[in-house]
Amino acid sequence: MFEIKSALRRNSRTEFLYGNVLEMNFLTRYAKCLRGPWGVQYLHLDSADHSSGTMAEISEKIKKQVGVEPGYHTIPKCRAGLLKYHPKLEDLPERSMKDSYRTAILPLGSDERVREHHVNHLGMVRRGRLVEELDMFAIWICHCHVKLPLPRNTPLPYTFVTLLVDRVEMLADAKADIDLELSGHVSWTGTSSMEISINVRQQEQIIAKAIFLMVARNATNTAPAPVNPLKPTLGQEQLYWEAAKERHKKKATSSMCLDKRPLTKAEQHLMYELFMRSTGTDILWETTSEEPLDCRWIASTQRSKVLLPFPESRNNHNTIYGGYIMRNAVEICYITASFYAGRRPLLQYLSDVAFFQPVRVTSILKLTAYVVYTSEQYMQLMAVAKVLDANSFTEMHTNVFHLTYVSEHKVKEVLPHSFQETVWHIIGRRHFESYQQRK
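Note that the coordinates shown come from a computational prediction; the quantities given were computed from them, not determined experimentally.

**Focus: the overall build of the protein**
Then, in step 1: Each helix and strand counted, the protein has twelve helices and 15 strands in total.
Then, in step 2: Burial analysis of the protein (439 residues in total) assigns 51% to the buried set.
Then, in step 3: Once local pairs closer than 6 in sequence are excluded, the contacts in the protein between residues at least 24 apart make up 76%.
Then, in step 4: When the accessible surface of the protein is split by element, carbon and sulfur atoms take 52% of a total near 21600 Å².

Structure representation (structure tokens):
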């Protein structure tokens, strides 16, 4: 996605290769410089020095830090009294990537209950469950990065929420009877936002990689909250920092949405070709419902499910964790892709998952998935999440998900049958091309 070479040029060759003796001693002892599948480097320190325990223990630590009372309460405990501890940005100390670096274990091999919760019918780890764990781990990394001048035993006057899942790439199947290790750190900060880079390993093999964008909110979740500035301290950290800045710069100019990135000439020509293939040359007649040979209409691929969230998936504000929504989106997309391919596909990539509205524990969640683009054995899916208010039954869009699946064989081409579906098709094509460029 970006060139590491450009970051290397910012440091003199002498400084990078020789540098400060103490700094290099630290790197030799603790850090490994590894190259990920996106052509980027990431931090990997000694697990023993940065372990946070199991994912279940992390969940309890988060509740303890924010002062969540045991049990479910229809009206959450008022946190307005913590607003007096809301700091100013200039009062927060700088933090390094090493300060937030943490590891955690998902004890699939040693805990049978955890294994039952994560195993699929093939004895592998459910990828939707893994995405859910990644979201929880990203929240924990935020807790480890933020350091406030608080009186002793004062709950953290912050709430961390997932703003965007930039990407999750599945690199290999994970066996459900061997422990997984999650590791991650803050790789970039804004005024109130943090980019979290996460890796998942099983027996030293990288299983998945992810980048989350999280935001800090105040104690009552009514306004943004400042986070500690990130100041790289090591030579490698500076590389990651420069790479993250370049990534955010490109992100701002490479939106997949048509309202921010108009159709190119090639896409306009593609839209015309799709129109002619779906409508035919006789435009005086209504659009035919007959599918072209070896093709499917996007509308015919639709699959939906309606969920009633329960308090077990809530945060301290009685809103549903983003990981729960993502897991269910992955699963409905898996079902949709399976029906389309005629066999069980594999999730390869999840990208650009934005969270527009919170989902309250009293809401009803509706997820709808479509196959919007195909290429050889690949299927690009789009899932839309809507929340229905349990009292008024009004609908609001909360999320849009873009997922790439791969089948064992070539799948039928999917075609749009309306202008709206054509827009979905082109956006799906953009996401698939972005995935292909990162391979």
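**Remarks on the sheet that holds strand S5 (residues 158–170)**
Then, in step 1: If you trace the eleven strands from one edge of the open sheet to the other, you get S3-S4-S6-S7-S8-S5-S11-S14-S13-S12-S10, paired in mixed fashion. Of all the strands in the sheet, just strand S3 (51–54) and strand S10 (303–307) have a single pairing partner and so form its edges. Between one strand axis and the next, the sheet turns by 25° as a mean value, whatever way the strands run.
Then, in step 2: Two strands pair when backbone bridges link them, and strand S13 (residues 378–388) and strand S14 (residues 395–406) are joined in this way by eleven bridges, in the antiparallel orientation. Paired with Val 387 across the bridge in S14 is Met 396.
Then, in step 3: Running over the sheet, helix H12 (residues 419–438) touches S5, strand S11 (346–355), strand S12 (364–375), S13 and S14 and is turned about 70° from S12.

**Considering the pairing of strand S8 (residues 205–218)**
Then, in step 1: Of all 14 residues in S8, eleven are buried; the element is thus mostly enclosed.
Then, in step 2: Of the pairings in the sheet, the one linking S5 to S8 comprises eleven bridges and is antiparallel in character. Residue pairing for S8: Tyr 158 is matched across the bridge by Asn 218.
Then, in step 3: Bridge count between strand S7 (residues 193–202) and S8: ten bridges; the pairing is antiparallel. When the sheet's bridge partners are listed, Glu 195 is paired in S8 with Leu 213.

**Points about the confidence of the model for the protein**
Then, in step 1: Within the protein, residue pLDDT values average 83, and 84% of them lie at 70 or more.
Then, in step 2: Overall, residues 1–40 carries pLDDT values under 50, and its contacts beyond four positions in sequence, including any with other chains, amount to 65 contacts.

**With respect to empty space enclosed by the protein**
The gaps of empty space that remain are located by a probe, the size of a water molecule, rolled over the atoms.
Then, in step 1: Within the structure shown, the criterion is met by three cavities of 30 Å³ or more.
Then, in step 2: Its boundaries defined by the atoms lining it, the second largest cavity holds a volume of some 40 Å³.
Then, in step 3: Surrounding the second largest cavity, Val 125, Arg 127, Leu 130, Met 170, Ala 172, Asp 173, Ala 174 and Ile 207 form its lining.
Then, in step 4: Here the lining of the second largest cavity is built from residues that sort into six nonpolar, no polar and two charged.

**Things to note about the packing of aromatic side chains**
Then, in step 1: In this structure the tally under the stated criterion is seven aromatic pairs.
Then, in step 2: Centroid distance Tyr 158 to Phe 160: 6.1 Å. Interplanar angle 75°. Geometry classified as edge-to-face.
Then, in step 3: Look at Tyr 349 and Tyr 435: their rings are 5.3 Å apart centre to centre, the planes differ by 40°, and that puts the pair in the tilted class. Linking Tyr 349 in strand S11 with Tyr 435 in helix H12, this pair joins segments that are 86 residues apart in sequence.
Then, in step 4: A network of ring pairs unites the aromatic residues Tyr 349, Tyr 373, Tyr 378, Phe 432 and Tyr 435 as a single cluster.
Then, in step 5: Lying over the aromatic face of Phe 339, Arg 303 brings its terminal NZ or CZ to 3.9 Å of the ring centre.

**Some remarks on the environment of Arg 79**
Then, in step 1: Within the secondary structure layout, Arg 79 lies in the loop between helix H5 (55–66) and helix H6 (97–100).
Then, in step 2: The buried category is assigned to Arg 79, whose relative accessible area is 9%.
Then, in step 3: A sequence separation of 237 residues divides Arg 79 from Asn 316, and the C-alpha atoms of the two residues are 9.9 Å apart.
Then, in step 4: Ignoring any residue separated from it by four or fewer positions in sequence, one finds Arg 79 in contact with Val 66, Leu 156, Pro 157, Tyr 158, Thr 159, Ala 219, Thr 220, Asn 316 and His 317.

**Considerations on the nonpolar core**
Then, in step 1: With 100 residues, the main nonpolar core has Ile 196, Phe 212 and Phe 401 as its most contacted residues.
Then, in step 2: Take this core: its biggest share by element is eleven residues, from helix H8 (residues 127–145).
Then, in step 3: What Phe 212 contacts, discounting residues up to four positions off in sequence, is Leu 134, Asp 135, Ala 138, Thr 162, Leu 164, Val 165, Val 168, Met 194, Glu 195, Ile 196, Ile 198 and Met 326.
Then, in step 4: Among the nonpolar cores identified, the runner-up in size contains five residues, and Leu 270, Leu 274, Cys 295 and Leu 415 belong to it.

**Section: H8**
Then, in step 1: Between its terminal C-alpha atoms H8 stretches 27 Å, which fits the 27 Å expected from 19 residues at 1.5 Å a residue.
Then, in step 2: By the criterion of burial, H8 is predominantly enclosed, with 19 of the 19 residues buried.

**Considerations on the side chain of His 118**
Then, in step 1: Here His 118 shows up in helix H7 (residues 112–118).
Then, in step 2: Those residues in contact with His 118 that sit more than four places away from it in its chain are Leu 106, Leu 108, Met 124, Val 125, Arg 126, Arg 129 and Glu 133.

**With respect to the pattern of salt bridges**
Then, in step 1: Considering all chains together, one arrives at 15 salt bridges under this definition.
Then, in step 2: Here Asp 166 makes a salt bridge to Arg 167, at a shortest N to O gap of 2.7 Å. For the pair shown, Asp 166 and Arg 167 are each scored as buried.
Then, in step 3: Bridged by salt links that share partners, the residues Arg 126, Arg 129, Glu 132, Lys 305, Arg 327 and Glu 331 form one connected network.

**Side note on unusual backbone geometry**
Then, in step 1: Even without a glycine there, the phi angle at Glu 204 is positive, about 70°.
Then, in step 2: Within the secondary structure, Glu 204 sits in the loop between S7 and S8.
Then, in step 3: In this structure Glu 204 comes out as exposed when scored by relative accessible area, which is 64%.
Then, in step 4: You will see that Glu 376, though not glycine, has its phi angle at about 55°, which is positive.
Then, in step 5: Note on placement: Glu 376 falls in the loop between S12 and S13.

**What about the environment of Phe 310?**
Then, in step 1: Following the sequence through the fold, Phe 310 ends up in the loop between S10 and helix H11 (322–341).
Then, in step 2: Sequence spacing of Phe 310 and Arg 360 is 50 residues, and the spatial spacing of their C-alpha atoms is 9.6 Å.
Then, in step 3: Setting aside residues no more than four positions away along its own chain, Phe 310 makes contact with Ile 320 and Val 361.

Cut-offs and rules
Residues numbered from 1 in each chain as written. Predicted model: local features only at pLDDT ≥ 70, side-chain atom pairs only at ≥ 80, totals over all residues. Heavy atoms only, no water. Helix = DSSP H or I, 4+ residues; strand = E, 2+ residues; numbered from the N terminus. Buried < 20%, exposed > 50% of the residue type's maximum accessible area, 1.4 Å probe, protein only. Contact = heavy atoms within 4.5 Å. Areas by Shrake-Rupley, 256 points an atom, 1.4 Å probe, with all protein chains shown as cover. Pairing = 2+ DSSP bridges. Axes fitted to C-alpha atoms, helices over the stretch in contact; angles between N-to-C directions. pLDDT = per-residue confidence, 0-100. 1 Å grid on protein atoms, 1.4 Å probe; cavity = no way out; pocket = protein on both sides within 12 Å on 5 of 7 lines; lining within 4 Å. Points joined across faces, edges and corners; volume = space filled by probe spheres on them. Nonpolar A, V, L, I, M, F, W, Y, C, P; charged D, E, K, R; others polar. Phe/Tyr/Trp six-rings, centres within 6.5 Å; stacked < 30°, edge-to-face > 60°. Lys NZ or Arg CZ within 6 Å of the ring centre and 35° of its normal. Core = buried A, V, L, I, M, F, W, Y, C linked by side-chain atoms within 4.5 Å. Expected span 1.5 Å × (residues − 1). Salt bridge = Lys/Arg side-chain N within 4 Å of Asp/Glu carboxyl O.

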